[in-house]
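What follows is the residue order along each chain.
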Amino acid sequence: MTAPRTVHVEPCMGTVFTIDIRDPGPWDGAVADAVGWLHHVDAVFSTYKEGSDISRLRRGELAVGDADPDVAPVLALCERLADETGGWFTAWWGAGLDPTGLVKGWAVERASERLAAHGSRNHAVNGGGDVQLAGEAAPGRPWSVGIADPFDRGRILATVSGRGLAVATSGTAERGAHIVDPHTRAPARGLASVSVVGPSLTRADAYATAAFARGPEALGWIAGVPGYEALLVLPGARVVATPGLAA
Amino acid sequence: MRRVILAVLSTATGLILLLSFKTHPSTPGAAVSTGTGGGGGSDPTGGASGGGSGTGTVTVTGDEAPTRYGPVQVQITVTGGRLSDVQPVEYPQDTPRDVQINSYAIPQLGQEALAAGNARIDMVSGATYTSDGYITSLQSALDKAGLG
């Protein structure tokens with residue numbers, strides 16, 4: 001017996017998104033809607049596209065009030081998370097406004113909501129390594145997410161399983177040291193990777209970005225955030241996790 | 001309440017879980033091997049047991065892996081091709097910092113690695129891959145099984 005499964009893979013935002021629906025289909029319309037949404041987010045929020053709303057805001061050619069209606073709420077979210085993280089998450093990097101540390105997670109979580117609006121109760125959306133899950137993988141079987149080894153991404157370091165979970169990982173793999181300590185402006189090097197687990201991928205993504213910038217001390221901080229847990233891989237390949245992940 | 005189960009396999013302790021999608025695309029099995037994980041990412045050097053098809057019990061002691069907190073060594077037991085037990089042989093407990101870190105990491109290994117040995121992975125979370133990097137990623141392998 002084969003469980004129902006609809007998989008769609010979509011290159012977007014310089015990476016690849018996976019949509020994996022575990023309800024009886026067809027899901028063509030729902031997938032097209034979610035994919036259209038992801039490309040819309042890319043067109044509005046990309047810091048690589050000259051004509052994106054964010055690029056125009058950075059150049060002072062556009063006011064937030066005149067931008068796409070999704071811009072203001074995302075910037076408000078960025079401000080709230082900057083407050084919550086004591087400035088370790090920030091949308092104001094050296095080169096100006098850059099909400100990248102949160103936008104992908106936010107876009108994936110919204111894509112999952114769109115699939116739900118089309119009637120899917122059990123699905124996963126993976127945005128280049130940041131995962132939002134809904135329902136379960138199969139009747140009675142919760143989703144299982146493997147956390148990749150930052151030193152060899154062909155290996156799984158740990159698995160996290162549950163229903164309605166989100167898992168976001170920040171690290172240096174592939175894109176190099178691209179997260180900056182907002183206080184010193186130096187590339188963050190205190191961790192090889194950090195994965196944050198919790199209900200919302202928007203928050204998990206922002207927390208993972210903040211924790212990566214902060215380094216090993218972020219373990220105690222995440223342990224105190226209700227509903228969220230973290231797994232940190234130190235530069236020496238040592239793995240530490242918040243107590244809540246100890247099942 | 002949301003139930004979160006975490007299984008930790010530490011590269012520093014030389015445990016490596018390899019997923020074998022290609023031979024069993026519908027039921028990914030797991031193979032476990034030991035290696036010197038000191039710097040992370042080193043090739044497995046110890047004995048390995050194939051996923052799902054093995055019989056009997058094999059116990060392997062991994063090489064001692066130097067970490068920034070001191071040497072770490074573990075012993076794993078594979079029963080019927082699945083990881084059935086993990087015991088720390090040696091881990092640092094000299095300084096308060098070591099004790100704190102070990103209290104998070106080492107005690108979880110025995111219990112949680114058991115879960116990992118039986119884990120079936122649906123999705124992979126990791127640092128953002130590029131479009132090219134995706135092609136050779138574990139996530140790509142999982143997606144291929146679903147794309148048929």
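Remember, predicted model here, so these are calculated numbers, not experimental data.

**Q** Describe the overall build of chain A, naming the residues involved and giving the relevant values.
**A** The helix and strand inventory of chain A stands at six helices and twelve strands. Its C-alpha atoms give chain A a radius of gyration of 18 Å, near enough to 18 Å, the size a compact globule of 247 residues would have. Taking contacts inside chain A between residues at least 6 apart in sequence as the whole, the part at least 24 apart equals 53%.

**Q** With reference to specific residues and values, describe the environment of Ala218(A).
**A** All names here are of chain A. Examined against the element boundaries, Ala-218 turns out to sit in helix α6 (residues 218-223). Residue classification places Ala-218 among the buried residues on the basis of 24 C-beta atoms within 10 Å. Among residues more than four places away in sequence, those in contact with Ala-218 are Val-194, Ala-211, Ala-230 and Leu-232.

**Q** I'd like a rundown of the packing of helix α1 (residues 28-45) of chain A against helix α4 (residues 100-117) of chain A, residues and numbers included.
**A** All names here are of chain A. With their axes 9 Å apart at the nearest point, α1 and α4 run at an angle of 155 degrees to one another. On the basis of the axis angle, α1 is roughly antiparallel to α4. As for the relative orientation of α1 and α4, their crossing is right-handed in sense. Residues Ala-30, Asp-33, Ala-34, Trp-37, Leu-38, Val-41 and Phe-45 of α1 pack against Val-103, Ala-107, Arg-110, Ala-111, Arg-114 and Leu-115 of α4. Taken together, the residues that form the contact of α1 with α4 break down as ten nonpolar, no polar and three charged.

**Q** Mind laying out α4(A), listing which residues take part and the relevant values?
**A** Relative to the 26 Å expected for 18 residues at 1.5 Å per residue, α4(A) spans 26 Å between its end C-alpha atoms, a close match to the ideal helical length. Within α4(A), 13 of the 18 residues are buried, which leaves it mostly tucked inside the rest of the structure.

**Q** Break down the sheet that holds strand β5 (residues 123-127) of chain A for me, citing the residues and quoting the values.
**A** Residues and elements named next belong to chain A. Pairing is antiparallel in the open sheet, where eight strands are placed in the order β1-β2-β5-β6-β9-β10-β11-β12. The open sheet has two edge strands with one neighbour each: β1 (6-12) and β12 (239-241). Neighbour-to-neighbour, the strand axes of the sheet open up by a mean angle of 10 degrees, direction not taken into account. Direction of pairing for strand β2 (residues 15-21) relative to β5: antiparallel, over a ladder of five bridges.

**Q** So, the pairing of strand β7 (residues 143-149) of chain A: which residues are in play, and what are the values?
**A** Residue and element names in this part refer to chain A. Within β7, seven of the seven residues are buried, leaving the element largely enclosed by the surrounding structure. Sheet topology places β7 next to strand β8 (residues 152-162); seven bridges connect them, and they run antiparallel. What sits directly across from Val-145, in β8, is Val-160. Between β7 and β8, which follow one another and run antiparallel, lie two residues.

**Q** Explain the confidence of the model for chain B to me, and be specific about the residues and the numbers.
**A** Residue and element names in this part refer to chain B. Of the residues in chain B, 18% have a pLDDT of 70 or more, and the chain-wide mean is 49. Per-element mean pLDDT across chain B ranges from 25 in strand β2 (residues 15-20) up to 90 in strand β9 (residues 123-125). Throughout residues 1-54 the model reports pLDDT below 50, and contacts reaching past four residues in sequence, or to other chains, amount to 170 contacts. Below pLDDT 50 for its whole length, residues 95-119 participates in 58 contacts with residues either more than four positions away or in separate chains.

**Q** Help me get a handle on the pairing of strand β11 (residues 229-233) of chain A, residues and values and all.
**A** Residues and elements named next belong to chain A. Burial analysis of β11 places five of its five residues in the buried class, the great majority of the element. Bridge analysis of β11 against β12 gives three bridges, and the strand direction is antiparallel. Bridge assignment links Leu-232 to a residue of β12, and that residue is Val-240. In this structure, the hairpin formed by β11 and β12 is closed by a connection of five residues, where Ala-237 is found at a positive phi of approximately 75 degrees.

**Q** Describe in detail the nonpolar core, supporting the description with residues and values.
**A** Ranked by internal contacts, the top residues of the largest apolar core, which has 83 residues, are Val196(A), Ala204(A), Ala211(A), Ala230(A) and Leu232(A). Other than its neighbours up to four places away in sequence, Ala230(A) contacts Val194(A), Ser195(A), Val196(A), Ala211(A), Ala218(A), Leu219(A), Ile222(A), Ala241(A) and Thr242(A).

**Q** Run through the packing of helix α3 (residues 71-84) of chain A against α4(A), naming residues and quoting values.
**A** Between two packed helices, both the angle of their axes relative to each other and the distance between the axes serve to describe the pair. Residues and elements named next belong to chain A. Closest axis-to-axis distance for the α3/α4 pair is 10 Å, and the angle between their directions is 120 degrees. Accordingly, the angle class assigned to the pair α3 and α4 is oblique. Crossing of α3 over α4 shows right-handed handedness. Residues Val-74, Leu-77, Cys-78 and Leu-81 of α3 lie in contact with α4, whose contacting residues are Leu-102, Val-103 and Trp-106. Its residues assigned to classes, the contact of α3 with α4 comprises seven nonpolar, no polar and no charged.

Thresholds applied
- Within any chain, residue numbers begin from 1 and follow the written order of that chain's sequence.
- Written order decides the labels, with chains lettered from A and ligands numbered from 1.
- With the structure being a predicted model, the display of local features is reserved for residues of pLDDT at least 70 and the display and counting of side-chain atom pairs for 80 or more, all residues being used for whole-chain, interface and lining totals.
- Numbering of helices and strands runs from the N terminus; a helix is a DSSP stretch of H or I covering at least four residues, while a strand is a stretch of E covering at least two.
- This radius of gyration counts C-alpha atoms alone. The globule rule is 2.2 Å times how many residues there are, raised to the power 0.38.
- By the convention adopted here, residues are in contact when the distance between their C-beta atoms, placed from the backbone, does not exceed 7 Å.
- Around each residue's C-beta, the other C-beta atoms within 10 Å are counted; 20 or more make the residue buried, 12 or fewer make it exposed, and counts in between make it partly exposed. All C-beta atoms are placed from the backbone.
- Note on definitions: angles span 0 to 180 degrees between N-to-C directions of axes, and those axes are lines fitted to C-alpha atoms, for helices only across the stretch in contact.
- Orientation categories follow fixed angle ranges, with anything under 35 degrees roughly parallel, anything over 145 roughly antiparallel, 65 to 115 roughly perpendicular, and all other angles oblique.
- Crossings are sorted by hand: turned counterclockwise from the far helix by less than a right angle, the near helix makes the crossing left-handed, and turned clockwise it makes it right-handed.
- Here the nonpolar group is Ala, Val, Leu, Ile, Met, Phe, Trp, Tyr, Cys and Pro; Asp, Glu, Lys and Arg are the charged ones; every other residue, Gly included, is treated as polar.
- By this rule the span expected of a helix is its residue count minus one, scaled by 1.5 Å.
- Two strands are counted as paired when DSSP detects at least two bridges linking them.
- A residue's pLDDT is the predictor's confidence in that residue, given on a scale from 0 to 100.
- A set of buried residues drawn from Ala, Val, Leu, Ile, Met, Phe, Trp, Tyr and Cys, joined through C-beta atoms within 7 Å, is what defines a nonpolar core.

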